[in-house]
Amino acid sequence: MAQQNNIAISLTDIEEARKRIQGQVKESPLIHLNYKIPDAKIYLKCENLQPIGSFKLRGACNALGKLSDDQLKEGVYTASAGNFAQGLAWNTQKLDIPCNVVVPDHAPATKLAAIERLGGQIIKVPFSEWWKVIQTHKYDGIPGTFVHPVSDPSVIAGNGTIGLEILESLPDVNAVIAPYGGGALSCGIASAVKSVKPDVKVYASEVETAAPLKASMIADRPVNIDYKSSFVDGMGGKAVLEEMWPLARSLIDDSIVVSLQQIVDAIKLMAERNHMIAEGAGAAPLAAALTGKAGKGNIVCVVSGGNIDTDKLTTILQGNIPQ
């Protein structure tokens, strides 16, 4: 079991989450990347094929499944750049309960439109104010239960179901790479994978414009960084959340930092070789794998999402970095 204060994620938690979300969340395919590199086989875990185009459906579904009827009646709210909000709204729409979402002012139009289409109510705020909601777990004036997109144990356990699926589909996996935003995805997957096969390496992938985990690993403590927004909107922040640091430090073997151009190249490669559309964060694990820093053997890259603005995708397919 990995834990920090009240955050504890066991294999049992993840197995129970799998039962709770069964029938509501699809088991995403694991496919081989049609591109050869020396001494390694790269596989894509296609969470971009979930109904909302992102893995976030898993954690949101599990978290809501653990709320009482009284809590559900009052509705829920969250802070999200887009994908977790979609996961929450997708579930609340089915339950016919209110869903409010605090979003940063740089959130992409594609994700905002999807949130509204699913019935979510948007409150747009400056990034610094949004980050404060992430840190304090509250936003005054919104009724209902706050569901944290990162450090809610139910969300982390729901994400961990991806790890179970990877082990079942590819028992001889050598390494798994997942994007690091707040840590709920990588820590959830690592909790599952290392509980069953401790020798499997689990790496985070970060973008050079927002890599707080790598900086914190070097300093051996959570540190603030100079965050710069980019088209890779689905991951990265000003710092590693304090409550997630012990969990991440104990579970994640290393963070592989990649450039914006490397992510552009990875998106383009997936589109051309596997006809697979990924957003920036979803392509970061492949960009990391292509550096060779994840080692040899069978490497699974978690394609966390595919929600990308069309104009940005067009720019990327031309080999350029979107502004």
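Residues numbered from 1 in each chain as written. Predicted model: local features only at pLDDT ≥ 70, side-chain atom pairs only at ≥ 80, totals over all residues. Heavy atoms only, no water.

By the naming in an unreviewed UniProt entry, the protein goes by L-serine deaminase and is assigned to Mizuhopecten yessoensis. Checking UniProt for the protein, the heading Sequence similarities (unreviewed entry) contains the comment "Belongs to the serine/threonine dehydratase family." Annotation of the protein in UniProt includes, under Cofactor (unreviewed entry), the sentence "pyridoxal 5'-phosphate". (UniProt positions renumbered as here; feature names shortened; annotations may be inferred.)

Attention shifts here to the domain arrangement of the protein. Here the domain parsing of the protein yields domain 1 (11–54 + 153–318) and domain 2 (57–146). Contact residues are listed per partner, giving 35 residues for domain 1 and 28 residues for domain 2. Across the domain 1 to domain 2 interface the summed buried area is about 2,500 Å²; carbon plus sulfur atoms make up 58%. The three residues of domain 1 that bury the most area against domain 2 are Arg20, Ile52 and Asp233, which together make up 23% of that side's buried surface. Scanning the region where domain 1 abuts domain 2 turns up four salt bridges. One salt bridge in this structure joins Lys111 and Asp233, with 2.6 Å as the shortest N-O distance. Counting residues per element, the ones that place at least two in the side of domain 1 that touches domain 2 are α1 (11–21) and α7 (153–169). Looking at the side of domain 1 that touches domain 2, its residues break down into 12 nonpolar, 12 polar and 11 charged. (Domains from an automatic or database assignment. Contact = heavy atoms within 4.5 Å. Buried area = accessible area lost by both parts, 1.4 Å probe. Salt bridge = Lys/Arg side-chain N within 4 Å of Asp/Glu carboxyl O. Helix = DSSP H or I, 4+ residues; strand = E, 2+ residues; numbered from the N terminus. Nonpolar A, V, L, I, M, F, W, Y, C, P; charged D, E, K, R; others polar.)

Under the present numbering, the feature "domain: Tryptophan synthase beta chain-like PALP" (unreviewed entry) in UniProt falls on residues 23–305. What you have in residues 23–305 is 42% helix and 18% strand, and the ends, taken at the C-alpha atoms, are 20 Å apart.

On to helix α2 (residues 56–65), then. In terms of burial, α2 is largely enclosed, as nine of its 10 residues are buried. For α2, the complete set of buried residues consists of Lys56, Leu57, Arg58, Gly59, Ala60, Cys61, Asn62, Ala63 and Leu64. Looking at the buried residues of α2, the elements they touch are α1, α3 (69–74), β5 (76–79), α4 (83–95) and α7. (Buried < 20%, exposed > 50% of the residue type's maximum accessible area, 1.4 Å probe, protein only.)

In the structure shown here, the tally under the stated rule is one cavity of 30 Å³ or more. Computed from the structure, the largest cavity encloses a volume of approximately 430 Å³. Where the lining of the largest cavity is concerned, the elements lending two or more residues are α4, α6 (127–136) and α8 (184–196). With four residues, α6 is the single largest residue contributor to the lining of the largest cavity. Classifying every residue of the lining of the largest cavity by side-chain character gives 18 nonpolar, 11 polar and four charged. Here the lining of the largest cavity gathers at least three residues from each of two domains, domain 1 (11–54 + 153–318) and domain 2 (57–146). (1 Å grid on protein atoms, 1.4 Å probe; cavity = no way out; pocket = protein on both sides within 12 Å on 5 of 7 lines; lining within 4 Å. Points joined across faces, edges and corners; volume = space filled by probe spheres on them.)

Here we take up the packing of aromatic side chains. This model, assessed by the stated rule, comprises five aromatic pairs. With 5.5 Å between their ring centres and 40° between their planes, Phe127 and Trp130 make a pair best called tilted. Of this pair, Phe127 and Trp130 both sit in helix α6, three residues apart, which is roughly one turn of the helix. Trp130 shares its class with Phe127; the two are buried. Ring plane angle 45° and centroid distance 6.3 Å describe the contact between Trp130 and Trp131, whose orientation is recorded as tilted. For Trp130, a relative accessible area of 8% corresponds to the buried category. (Phe/Tyr/Trp six-rings, centres within 6.5 Å; stacked < 30°, edge-to-face > 60°.)

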